[in-house]
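Survey of secondary and tertiary structure
Each chain is listed here by its residues.
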Amino acid sequence: MPRPEILSAHAEASCALLKRTLAQHQRQATALVRRDHVSRLGTAIHDAHNAHRQATVLRLVSVTEAFCVERLESLSRAAIDPATSSARRAIFDDALRNATGTWQGIRDALKNWHQVEPSWKRNEGVEEVRNTVAHGLGQLTYRQRTSRTKTDERLSRVGISVGADDELHLEEHDVLEVAAICRNLIEEIDRTSRTRISP
């Protein structure tokens, strides 16, 4: 029987936060279902379900991004020890600020600075979902619409498609899939990098 994998404390805390987010989502979704039975506003309720799923996905991806940024910071701090001089501190601060502005920056820094190369393909789909919710309020953004082929390809990696109205319609299984992708990314990054940071 394989031994269960032990994660770092920060990875465990991030995965626990993903679980709490899902639990809160499920409680709220149950409350919305109860409202369905007493309301005749089918479209409004559907929109409430979709908005709630979108908000949950945004939270799940934010937890994952926060873990990735923290891990990048910890690895970088261990590698150059910015506390040893003001010059190192300034270089550290500038480099980290520039690297953490986008998911692509985080990916590049983890790979180029620390040789941490998890499988990002499915997470790129999750990033598209997040950007649609955060920057387009559930509609594809201008950038996503002008790169529609790339956007659709990335979304298809997580089994999500956008309708002709450019609106992101999420189902319950989409939320669970995003949570699983987020958890897997956290675990993979932790597994490949935790021995290089202080506990």
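Refer to the structure presented above.
Criteria and cut-off values
- Residues numbered from 1 in each chain as written.
- Predicted model: local features only at pLDDT ≥ 70, side-chain atom pairs only at ≥ 80, totals over all residues.
- Heavy atoms only, no water.
- Disulfide = S-S within 2.5 Å.
- Buried < 20%, exposed > 50% of the residue type's maximum accessible area, 1.4 Å probe, protein only.
- Helix = DSSP H or I, 4+ residues; strand = E, 2+ residues; numbered from the N terminus.
- Polar contact = N/O pair within 3.5 Å; in protein donor to acceptor, adjacent residues only side chain to side chain.
- Salt bridge = Lys/Arg side-chain N within 4 Å of Asp/Glu carboxyl O.
- Axes fitted to C-alpha atoms, helices over the stretch in contact; angles between N-to-C directions.
- Parallel < 35°, antiparallel > 145°, perpendicular 65-115°, else oblique.
- Contact = heavy atoms within 4.5 Å.
- Nonpolar A, V, L, I, M, F, W, Y, C, P; charged D, E, K, R; others polar.
- Left-handed = near helix turned anticlockwise from the far one by under 90°.

Throughout the structure, instances matching the rule amount to 0 disulfides. The cysteine Cys182 is free of any disulfide, with Cys68 supplying the nearest cysteine sulfur at 8.9 Å. Overall, Cys182 belongs to the buried group, its relative accessible area being 0%.

Checked against the element boundaries, Ser74 lands in helix 2 (residues 42–80). In this structure the side chain of Ser74 is engaged in a polar contact, spanning 2.6 Å, whose partner is the side chain of Glu70.

Let us look at the pattern of salt bridges. Taken as a whole, this structure holds 15 salt bridges when the rule is applied. Within this structure, Glu124, Glu128, Glu153, Arg154 and Arg157 form a network of salt bridges that share partners.

Moving on to the packing of helix 3 (residues 86–99) against helix 4 (residues 103–114). The packing of two helices is summarised by the inter-axis angle and the distance between the axes. It is at 8 Å that the axes of helix 3 and helix 4 come closest, and there the two elements cross at 130°. Put simply, helix 3 runs oblique to helix 4. Contacts between helix 3 and helix 4 involve Ala95, Leu96 and Ala99 from the former and Gly105, Ile106, Ala109 and Trp113 from the latter. Residues of the contact of helix 3 with helix 4, tallied by class, amount to 6 nonpolar, 1 polar and no charged.

Right, let's talk about unusual backbone geometry for a bit. At Gln115, a position not held by glycine, the phi torsion is positive, near 55°. By secondary structure assignment, the location of Gln115 is in the loop between helix 4 and helix 5 (121–136). The class for Gln115 is exposed, based on a relative accessible area of 54%. Residues other than glycine seldom take positive phi values, yet Asp166 does so here, at roughly 65°. By secondary structure assignment, the location of Asp166 is in the loop between helix 7 (148–156) and helix 8 (172–193).

Relative to each other, helix 5 and helix 7 sit at 115°, their axes nearing to 7 Å. For helix 5 against helix 7, the interelement crossing comes out left-handed. For the pair helix 5 and helix 7, the contacting residues are Glu124, Gly125, Glu127, Glu128 and Val129 in the first and Thr151, Arg154 and Leu155 in the second. Considered class by class, the residues forming the contact of helix 5 with helix 7 number 2 nonpolar, 2 polar and 4 charged.

Attention shifts here to the environment of Arg53. As for its position among the elements, Arg53 is in helix 2. Separated by 117 residues in sequence, Arg53 and Leu170 place their C-alpha atoms 6.4 Å apart. For Arg53, the residues in contact, after removing those within four places along its chain, are His25, Leu170, Glu171, Glu172 and Val175.

Attention now moves to the environment of Val129. Looking at the element boundaries, Val129 is found in helix 5. C-alpha of Val129 to C-alpha of Leu58: the two residues are 71 residues apart in sequence and 8.1 Å apart in space. Non-local contacts of Val129, meaning those with residues more than four positions away in its chain, are made with Val57, Leu155, Ile160 and Leu168.

With that settled, consider the side chain of Arg71. Position of Arg71 relative to the elements: it lies in helix 2. A polar contact is formed between the side chain of Arg71 and the side chain of Asp190, at a distance of 2.9 Å. Separated by 2.9 Å, the side chains of Arg71 and Ser193 make a polar contact. The contact partners of Arg71, leaving out residues within four places of it in the chain, are Ser8, Ile189, Asp190, Ser193, Arg194 and Ile197.

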